[in-house]
Amino acid sequence: MCRIYETICIALHNASDPFVFLIVIVGMSIGIIFGALPGLTSVMGLILVLPFTLDMEMYEGLILLGSVYAGATYGGSVSAILIRTPGAPANIATMFDGYPMAQKGESRQALTISVICSAVGGMFGVFTLIFLAPQLAKLALKFGPAEVFWVMIFSMTVIVSLASGNIIKGLIAGAFGLLLGTVGLGHEAVIQPRFTFGTSYFVRGIDVVCALIGYFAFSQGIALFGRTLETELPIEKIKRGLFWQMLKTVFTKYKWNTLRSAVIGTIIGIIPGAGGNVASMISYNEARRFSGKAEAFGKGEWGGVIASETANNATEGGALVPLLTLGIPGSPTAAVFLGGLIVHGVWPGPVLFSHHLDSVYTLFIGLILTQIAMLLLGHFGARYFALALKIPRNLLGLMIIVLCLFGAYSVSNSMEGILIMFCTGILGFFGERLGIPPAPVVIGLILSKRTEAAFIQSLLIGEARGSLLHYFLSSTICIILIGMTILSLSYVIYAELKSAKGK
Amino acid sequence: MKNYHVNLILGCAITAFSLVMLYETIFFSGDAAIKYYPRANLVILMICGIWLVITNNPLLYRDKSLYKKDYRLKSIFLIILLSGMFFYTAEKLGFYIGTLLFFIIGGLATTRSRRFSINLRIFIVGIVFSFFLFLSFQIVMKAPIPSNGSEKISDIIRQLFLH
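Source: prediction; values computed, not measured. (Residues numbered from 1 in each chain as written. Chains lettered and ligands numbered in written order. Predicted model: local features only at pLDDT ≥ 70, side-chain atom pairs only at ≥ 80, totals over all residues.)

Turning next to the overall build of chain B. For chain B, the count of helices and strands is six helices and zero strands. Overall, chain B shows an N-to-C arrangement of helices and strands of α-α-α-α-α-α. For chain B, with 163 residues in total, the buried portion stands at 25%. In chain B, of all internal contacts separated by at least 6 residues, the share reaching a separation of at least 24 is 64%. (Helix = DSSP H or I, 4+ residues; strand = E, 2+ residues; numbered from the N terminus. Buried ≥ 20, exposed ≤ 12 C-beta atoms within 10 Å, placed from the backbone. Contact = placed C-beta atoms within 7 Å.)

Glancing now at the overall build of chain A. A count of helices and strands for chain A gives 21 helices and zero strands. For chain A, the proportion of its 503 residues judged to be buried stands at 61%. Counting only contacts in chain A whose residues sit at least 6 apart along the sequence, the fraction spanning at least 24 positions is 78%.

So, about the nonpolar core. Counting residues in each nonpolar core, the largest one holds 196 residues, and the members touching the most others are Ile 47, Leu 212, Ile 213, Cys 404, Leu 405 and Val 442 of chain A. Of all the elements, helix α4 (residues 58-83) of chain A adds the most residues to this core, at 16 residues. Both domains that furnish three or more residues to this core are identified here as domain 1 (3-55) and domain 2 (73-162) of chain B. Leu 212 of chain A has contacts with Ile 47, Ala 335, Val 336, Gly 339 and Val 442 of chain A, leaving out every residue within four places of it along the chain. (Core = buried A, V, L, I, M, F, W, Y, C linked by C-beta atoms within 7 Å. Domains from an automatic or database assignment.)

For the rest of this paragraph, the subject is helix α11 (residues 255-270) of chain A. Residues and elements named next belong to chain A. Over its 16 residues, α11 runs 23 Å from end to end, which matches the ideal 22 Å to within 8%, given 1.5 Å per residue. Looking only at α11, the buried set comprises Asn 257, Thr 258, Ser 261, Ala 262, Ile 264, Gly 265, Thr 266, Ile 268, Gly 269 and Ile 270. Next to the buried residues of α11 lie α6 (107-140), α10 (243-251), α12 (276-291) and α13 (302-326). (Expected span 1.5 Å × (residues − 1).)

For chain B, per-residue confidence averages 80 on the pLDDT scale, and 79% of positions sit at 70 or higher. Interface confidence for the predicted complex, given as ipTM, is 0.85, next to a pTM of 0.78. (pLDDT = per-residue confidence, 0-100.)

Let's shift gears to the packing of helix α5 (residues 92-103) of chain A against α12 of chain A. Residue and element names in this part refer to chain A. Where α5 contacts α12, the two axes come as close as 7 Å, and the packing angle between them is 45 degrees. Classified by the interaxial angle, the pair formed by α5 and α12 is oblique. Along the contact surface, α5 presents Ile 92, Ala 93 and Phe 96, while α12 presents Asn 277, Ser 280, Met 281 and Tyr 284. Its residues placed into classes, the contact of α5 with α12 shows five nonpolar, two polar and no charged. (Axes fitted to C-alpha atoms, helices over the stretch in contact; angles between N-to-C directions. Parallel < 35°, antiparallel > 145°, perpendicular 65-115°, else oblique. Nonpolar A, V, L, I, M, F, W, Y, C, P; charged D, E, K, R; others polar.)

Turning next to the packing of α4 of chain A against helix α14 (residues 332-342) of chain A. All names here are of chain A. For the pair α4 and α14, the least separation of the axes is 10 Å and the interaxial angle reads 160 degrees. The orientation of α4 relative to α14 falls into the category roughly antiparallel. Between α4 and α14 lies a crossing whose hand is right-handed. On the side of α4, the interface is formed by Gly 61, Leu 62, Leu 65 and Tyr 69, while α14 contributes Thr 333, Val 336, Phe 337 and Gly 340. (Left-handed = near helix turned anticlockwise from the far one by under 90°.)

What follows is about the interface of chain B and chain A. In this assembly, 51 residues from chain B lie in contact with 42 residues from chain A. With 11 residues, helix α2 (residues 33-55) of chain B is the single largest residue contributor to the side of chain B that touches chain A. Its residues placed into classes, the side of chain B that touches chain A shows 34 nonpolar, 12 polar and five charged.

Residue and element names in this part refer to chain A. With 26 residues, α4 should cover 38 Å at 1.5 Å per step; its first-to-last C-alpha distance of 37 Å lies within 8% of that length. Along α4, 26 of the 26 residues are buried, which leaves the element largely enclosed by surrounding structure. Phi turns positive, to about 60 degrees, at Arg 84, one or two residues after α4.

This next bit is on the confidence of the model for chain A. Residue and element names in this part refer to chain A. Averaged over all residues, the pLDDT of chain A is 81; the fraction at 70 or higher stands at 90%. Within chain A, helix α20 (residues 468-473) has the poorest average pLDDT of any element, 75, and helix α18 (residues 415-433) the best, 90. Low pLDDT (under 50) marks residues 229-235, which in the prediction has seven contacts with non-local residues, meaning those over four places away or in another chain.

Next up on the list: unusual backbone geometry. Residues and elements named next belong to chain A. Notably, Phe 195 is not glycine yet its phi reads approximately 55 degrees, a positive angle. Tracing the backbone through its elements, the reader meets Phe 195 in the loop between α8 (167-180) and α9 (208-223). Assessed through the 17 C-beta atoms surrounding it within 10 Å, Phe 195 is described here as partly exposed.

Let us now look at the environment of Ser 467 of chain A. As for its position among the elements, Ser 467 of chain A is in the loop between α19 (438-465) and α20. Put simply, Ser 467 of chain A and Gly 435 of chain A are 32 residues apart on the chain and 42 Å apart in space, counted from C-alpha to C-alpha.

In this section: the environment of Tyr 99 of chain A. Residues and elements named next belong to chain A. Mapping Tyr 99 onto the fold places it in helix α5. It is 8.7 Å that separates the C-alpha atoms of Tyr 99 and Lys 299, two residues lying 200 residues apart in sequence. When residues no more than four places from it in sequence are discounted, the contact partners of Tyr 99 are Ala 80, Ile 81 and Arg 84.

The next subject is the environment of Leu 45 of chain B. Along the chain, the position of Leu 45 of chain B falls in helix α2. Taking C-alpha positions, Leu 45 of chain B is 41 Å from Gly 94 of chain B, a pair spaced 49 residues apart along the chain. Ignoring any residue separated from it by four or fewer positions in sequence, one finds Leu 45 of chain B in contact with Ile 172, Ala 175, Phe 176 and Leu 179 of chain A together with Ile 14 and Ser 18 of chain B.

Given below as structure tokens:
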């Protein structure tokens, strides 16, 4: 108990550093701009700031990533409300009522509700993370190689759920990612580089962060040059005031809607493979069902914006629970967070909580600060962030490509990193055109080395004990994890069959 | 090209790729365990490839829909080519000078406007952005970025302002 208090004191001391405040504000601003600009994504924003975290303390880097993510999730609502173009899939439900509100001359109300609910949802998610993560990490301490192997296998079901719409192409992407992870010298049992065809390239393997930059940022940077639709973006004039009135409304008239949406968002965030878009759609539907005036939804009902924005921001904290405790990157964003830990030489899990507890608690405090900063920046700066919608696409694309180059070089310290980024970017761009999603490739690549290491270790221990099967299925945790894997896969297949029937 | 044609070609390519890679695993030396995992992945990849071929067989599937050409492919190939050249020459030119050149050439090549003010804007944004990167990576982070002599400039700036 004494250690916890000591750790919290250290974390508070770390978080009170003015540099942390600066990180939060800069990260939040970058996030809002990336979220607000259609075509740019929160993942891209995270990827592009990742190289800047190299020179920082681990907690500073993670707080920067957290603030960019929170900002981007809120930023997506700015464009959804003002120009009827959601910045991210998580903001689609916001658009249903946010844009009609703006049409009725209530754009300021919509934006204020959006920022209040984003902060409330985000805060709820962070507190869930604070209370849940240490408990799960304690459980993870009991994991041996077989349990780790099954956790990794369960994580891989995320790959399939991320590919909903075309399971086969999602599986292709996932298997390709897992294969990329075997290139070069991976596990210590590998004495000769694999799949390098005798060349000196990629002997050290495919750098995960460079591949992340390629798949999520470079490919999207290229895509900005190819859009045929260039529309003039109208920006509604935003009126001042109304903040306290909106705050009161959210916490009185819509209190149950807000609470319900926060709970839904957090639970869905914890489930690997689901994300902000699923959370916001479910919350929106639930809000409509419980409102008693379903016909008002879609025509500028405040409850619609409240449900969507609270839920999609609550997923942030939820998504960090499996990532920080078990190392399961349940979404592309979580994968980038994992990249942020990897560049500091840390793999999430019990080790993170035993060796870097002060950093973890500083991150928690930083995430709370992030929500407060979002409230302030989102409220006072919405008018200025909306100006970002006017930046020419080609200049934006060029900036992204240049940042990819700098990022890949800083991370890998070699031209090989740039080659990896360039190749994966092109593969990602054309793969996406062919229906092969990039997220499963990257998650496969991230999980690959650890899965293989756990597999080989389990194999050796199992053989030494005389029964492989018994070792893989011996513990209760293994059985639970296998059950969860089967459940997760069955659900995806069921959903896929159902949607195919619907067509 | 029709959807199923593309999927058929993709399926064949993936199956062929998996077979070549599976053949490569024969030459892995060391513990036998290091072959299992890549082989398992390749088998999954191959099954998926074969599945794509079967489900997109022209005899079974006659989809008339076409892939939408919603992208300007010329611009895409141009920017890929320019990026490739930029990445290749960046180490020799220095990243900061390379960035400035890439911005000017890329910006002029991809903008549709011939107005002087637009071209001037590209030039100014290029200079400002290169300077921003120089400040961030060279001065603040001291990242070992190939800069072709600009280390001397950064040393002077650091001595003037940071000490």
